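# Per-entry structural report
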Amino acid sequence: NNNNNAALATTTNGYQYTCEGEKQKKVLQLHVAIDALAVVVQEGGAAAKCIERLGGLTPDNLRWIFSSYSTQQLKDSGWDETSVSNINNNDPSAASSHRRQWSQLLSDPACLQNDIVMVGPRISSDEYEFFQDVILKEPDEYIDHNKRMVPYLGFDYTDEILVALEHDEFAIAFVHVNAYFQHAQALYGVPIMNQAQNRYVSPLARTIEDQTYAPLCRPIYMNILEESLERTRPFVSFGLSQAGTELVQQTTRFFPLPNRERVVMLARMVESDS
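Residues numbered from 1 in each chain as written. Predicted model: local features only at pLDDT ≥ 70, side-chain atom pairs only at ≥ 80, totals over all residues. Heavy atoms only, no water.

## So, the pattern of salt bridges
Operational definition: The term salt bridge refers to a pairing of a side-chain nitrogen on Lys or Arg with a carboxyl oxygen on Asp or Glu at a separation within 4 Å. The secondary structure listing takes helices from DSSP runs of H or I that are at least 4 residues long and strands from runs of E that are at least 2 residues long, numbered from the N terminus. The buried label goes to any residue with under 20% of its type's maximum accessible area, the exposed label to any with over 50%, and the partly exposed label to all in between, with areas taken from a 1.4 Å probe on protein chains only.
With the rule as written, the count across this model stands at 8 salt bridges. Two residues, D35 and R218, come together in a salt bridge whose shortest N-O distance is 3.6 Å. Here the residue D35 occupies a position in strand β3 (residues 26-42), and R218 occupies one in strand β10 (residues 217-225), the gap between them amounting to 183 residues. When its relative accessible area of 3% is taken as the criterion, D35 is described as buried. Look at R218 and you get buried, because its relative accessible area is 14%.

## Side note on the pairing of strand β4 (residues 117-121)
This is how it is decided: Following DSSP output, two strands are said to pair if at least two bridges run between them. Orient the strands so they point away from the viewer; a crossover is then right-handed if the path from the first strand over the helix to the second runs clockwise.
In terms of residue burial, β4 counts as a mostly covered element, since 5 of its 5 residues are buried. Pairing of β4 with strand β6 (residues 171-176) involves 3 bridges; the strand directions are parallel. Among the inter-strand pairings, V117 is bridged to a residue of β6, identified as A171. Relative to strand β5 (residues 153-155), β4 is paired through 3 bridges, and the arrangement is parallel. Across the sheet, the residue bridging to P121 is F155, located in β5. Note that the unit made of β4, helix α6 (residues 126-135) and β5 has a crossover that is right-handed.

## Observations concerning the packing of aromatic side chains
Pairs of aromatic rings are described using the distance from one ring centre to the other and the angle between the two planes. Our working definition: What counts as a ring pair is set by centres within 6.5 Å for rings of Phe, Tyr and Trp (its six-membered ring), and what kind of pair is set by the plane angle: stacked under 30 degrees, edge-to-face over 60, tilted for all other angles.
Inspection of every chain in the model, using the stated rule, returns 7 aromatic pairs. Where F66 meets F131, the ring centres are 4.9 Å apart and the plane angle is 70°; that geometry is what we call edge-to-face. Residue F66 is found in helix α2 (residues 59-66), and its partner F131 is found in helix α6; the two are separated by 65 residues along the sequence. We classify F66 as buried; its relative accessible area is 0%. Between F131 and F174 the ring centres are 4.1 Å apart and the planes differ by 5°, which places this aromatic pair in the stacked class.

## Description of helix α12 (residues 259-273)
Formally: Helices are assigned an expected span. That span is 1.5 Å times one less than the residue count. To be clear, the arc concerns the directions from the helix axis to the C-beta atoms.
For α12, with 15 residues, the first-to-last C-alpha span of 21 Å sits near the 21 Å given by 1.5 Å per residue. Taken together, the buried positions of α12 are occupied by E261, R262, M265, R268, M269 and S272. On an axial view of α12, the arc spanned by its buried residues comes to 115°, and they lie on one face. Exposed side chains of α12 directed beyond 90 degrees from the buried face belong to N259, R260 and V263.

## Overview of the side chain of T245
For clarity, the cut-off: Whether two residues are in contact is decided by their heavy atoms, any of which lying within 4.5 Å being enough.
Relative to the helices and strands, T245 is located in helix α11 (residues 242-251). If sequence neighbours within four positions are ignored, T245 has contacts with G239, L240, P256 and R262.

From the geometry alone we can't say anything about function, so treat these as descriptive.
Given below as structure tokens:
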């Protein structure tokens, strides 16, 4: 479960919850793994060259690139307009436009006056919803697949996304981070601004595990009834052990928790069971 508030009511410490309902149930919430996306473009292509001159992309850059909102709607919703420095703010047609071009991100010869081509997983996929949840801020905002001259291209298979990037140097995509790692020679993994640390962070195994590739990585949660801990604790303890961590790496697409966080999760079980 990646929703830490799903069906949960009150908490005093952020990990022990009392569920709503006629019979109140106490639930322990544990982090058990890490999931992540990567923003990617064609290695050495026009998009990569522009992004390299920028240093990376900010969450506000990504929002502007993918959002169904016009530039004016983004401004009205609190978006940082300084994140896109080469738009004529005095031009009403530019403010109302849904068109996005690489040259609008930065006035630089490396950022060409070509439309940004959005590519990614199909609508309603886990990756699509993950990206939309963390990048787009408003309830009626979505990844633009019907207002652009070049609308969002959503694919069922990662290979199709990779082919689209291979054939279009102006395309940008988001994929599961493992897809990027498997094809890193052909892709440029876009550094994303970690706003808490005020620095661009590249998608690497260590930046996923320490969750500094924010906001495109997230913990995976497990919610356990405290009354069942006596039965479930051995299973969860194995999952958080070294052997269990290696099994997670071998059999799932998720990343294991760092050692220090696994220790904290094990301590939470002991505390709840006492």
